[in-house]
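Topology and contacts: notes
Take a look at the letters that make up each chain.
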Amino acid sequence: MIVLVVNCGSSSLKYELFDIRSESEKALASGVADRVGINGGQQAVFKHHVPGCAEVEREQPIPDHEVALDLVLKTLVDGEQGVISALDEIGAVGHRVVHGGEKFSQSVIIDDEVVAAIEEVAELAPLHNPANLMGIRACTKRLPDVTQVAVFDTAFHQTMERKAFLYGLPYELYEEYGIRRYGFHGTSHRYVSIVAGRRLSEIGLPADEQKIVTTHLGNGSSMAAVKAGRSIDTTMGLTPLEGLLMGTRCGDLDPAIVPYLHDKLQLTPTEADTLLNTKSGLLGVSGVSSDMRDVKAAAAAGNERAQAAIEILCYRVKKYVGAYAAALGGLSAVVFTAGIGENEPLIREKSLQGTEYLGIKVEPDRNYGATKGRDGVDISDPGSPVRVYVIPTDEELMIARDTAELVS
Ligand code: ADP
């Protein structure tokens, strides 16, 4: 089945087209329409890439997501750049939806009720869910006969027990406003934990005994504790702000800091939110950049704030490895994924330094020599009880798989 995966942000539409069969999965094309609607979409950029071919990039006005989708569909069937001959070859569309609240513990076929439910939880993800809905509505208009599926970032973590997802707040706040830990990056944590689980099975550890800590380190970062394939805890909370130090997000924080900022700097709630979400993290601590490559270069050149930013991130990863080993009652594997997790051996090394007592031992040559492969690489010492894997995440493929499975 040909599946179109759509990931809509407020000013972007990312897409990937897959051919999903029981015996093979193939990415046919991918791309992005960026700066959609900004200044009327006058400076929008469209990129389209077919594996094995040069990327096509052009600037053209894209005022809204419907126009962006039109452009994608037109390109997919284009005589030169296209990869299918007609739109009716598309068997289904899978959408990334950021927040599913407590309503969705797995992917679902989209109908009016599902759209209403996604709208209802939009309060919890005001930047993301409305954008995801724009993508769904554009597809409903342009591909009215094609079944659409929603795949939620929060769904994988719905298996958490109450002791992991409740905050120590008055219980009514959970009942009335849904204030609890939801967790995000669920599609990524699920994907890499499946790959790691398969590798552990191959070396003789049965699926129901597997205890895996997954570490997604990108611009946004989170970790999850996965027991026998189910998420039992994760670092992000009601929103994607909690947990690790991220590109521009602060992560874990004493909540009393927020009113203190109000007293000292007269920050309004919105200003405080902006500070915590966009001016903190690697950027705020280092004063250099939100991009790990820049922060690492500055740290190597002696910038102490950049060094501190790296230390905070790695220390937090290590703390959560320990916490999750305790929550899981042991550890079979630690997985690193996403931009930093896949590409920065230094961060992997520092994050796991001193965890040998847990049975974790990274082999430096394997860590620094790790090459990318879909099934990931094992960077641990062959004799260490805990495996450490670097596994490239593929959220789009996971969405395409869920979509094909639900539709067929
Ligand atoms: P997002 O959360 O936006 O998907 P990514 O997973 O692409 O982000 O991660 C971006 C982070 O990965 C940046 O801090 C970047 O510095 C870091 N990174 C390090 N090395 C690379 C690399 N070779 N390619 C891409 N990103 C890298």
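Everything numeric here is computed off the predicted structure, so don't read it as measured data. (Residues numbered from 1 in each chain as written. Predicted model: local features only at pLDDT ≥ 70, side-chain atom pairs only at ≥ 80, totals over all residues. Heavy atoms only, no water.)

1. Some words on the overall build of the protein
Note the cut-off: Only DSSP runs of H or I reaching four residues or more are called helices, and only runs of E reaching two or more are called strands; each is numbered from the N terminus. Both definitions apply: the radius of gyration is a C-alpha atom measure, and the globule rule equals 2.2 Å times residues to the power 0.38. The buried label applies to any residue whose accessible area, calculated with a 1.4 Å probe on protein chains only, is under 20% of its type's maximum; exposed applies above 50%, and partly exposed to all values in between. For this analysis, residues touch if any pair of their heavy atoms sits within 4.5 Å. Note that accessible areas follow from Shrake-Rupley with a 1.4 Å probe, and for residues the cover is restricted to the protein chains shown.
When helices and strands are counted, the protein shows 15 helices and 14 strands. On C-alpha atoms alone, the protein measures out to a radius of gyration of 21 Å, which is about the 22 Å that the 2.2 N^0.38 rule sets for 408 residues. Seen through its C-alpha atoms, the protein measures out along the principal axes to roughly 60 × 55 × 50 Å. Burial analysis of the protein (408 residues in total) assigns 49% to the buried set. Of the contacts made within the protein by residues no fewer than 6 positions apart, 62% connect residues no fewer than 24 positions apart. About 18800 Å² of surface is accessible on the protein, with carbon and sulfur atoms providing 50% of the total.

2. Description of the pattern of salt bridges
Formally: The term salt bridge refers to a pairing of a side-chain nitrogen on Lys or Arg with a carboxyl oxygen on Asp or Glu at a separation within 4 Å.
Applying the stated rule across the entire model yields 18 salt bridges. For K141, the salt bridge goes to E66, with nearest N and O atoms at 3.1 Å. Pair noted here: K141 is in helix α3 (residues 129–142) and E66 is in helix α1 (residues 65–76), with a separation of 75 residues, a long-range link. In this structure, R96 and D153 form a salt bridge, with 2.4 Å as the shortest nitrogen-oxygen distance. Note that R96 is positioned in strand β6 (residues 90–97) and D153 in the loop between β8 (147–152) and α4 (162–165), a separation of 57 residues in sequence. A relative accessible area of 2% places D153 in the buried class. Taken together, the shared-partner salt bridges in this structure form one network comprising E66, D70, K141 and R142.

3. Remarks on the environment of H262
With respect to the helices and strands, H262 occurs in helix α7 (residues 257–265). For H262, a relative accessible area of 44% translates into the label partly exposed. Considered as a pair, H262 and A272 are 10 residues apart in the sequence and their alpha carbons are 7.7 Å apart.

4. Topic: the site of the ligand
Definition in use: By convention in this text, a residue qualifies as near a molecule or strand provided that one of its non-hydrogen atoms is within 4 Å of it. What qualifies as a polar contact is a pair of N or O atoms within 3.5 Å, subject to a donor-acceptor requirement within protein and to the restriction that residues adjacent in sequence count only when both atoms come from side chains. Just so you know the grouping, Ala, Val, Leu, Ile, Met, Phe, Trp, Tyr, Cys and Pro go in nonpolar, Asp, Glu, Lys and Arg go in charged, and all remaining residues, Gly too, go in polar.
Around the ligand, the neighbouring residues are G218, N219, G220, D291, M292, R293, A338, G339, I340, N343 and E344. In this structure, D291 approaches the ligand through a side-chain N or O atom, which is 2.4 Å from an oxygen atom. If the ligand stood free it would expose 570 Å²; the protein chains cover 64% of that surface. In terms of residue count, the dominant contributor to the shell around the ligand is helix α12 (residues 338–343) (4 residues). Grouping the amino acids of the shell around the ligand by side-chain chemistry returns 3 nonpolar, 5 polar and 3 charged.

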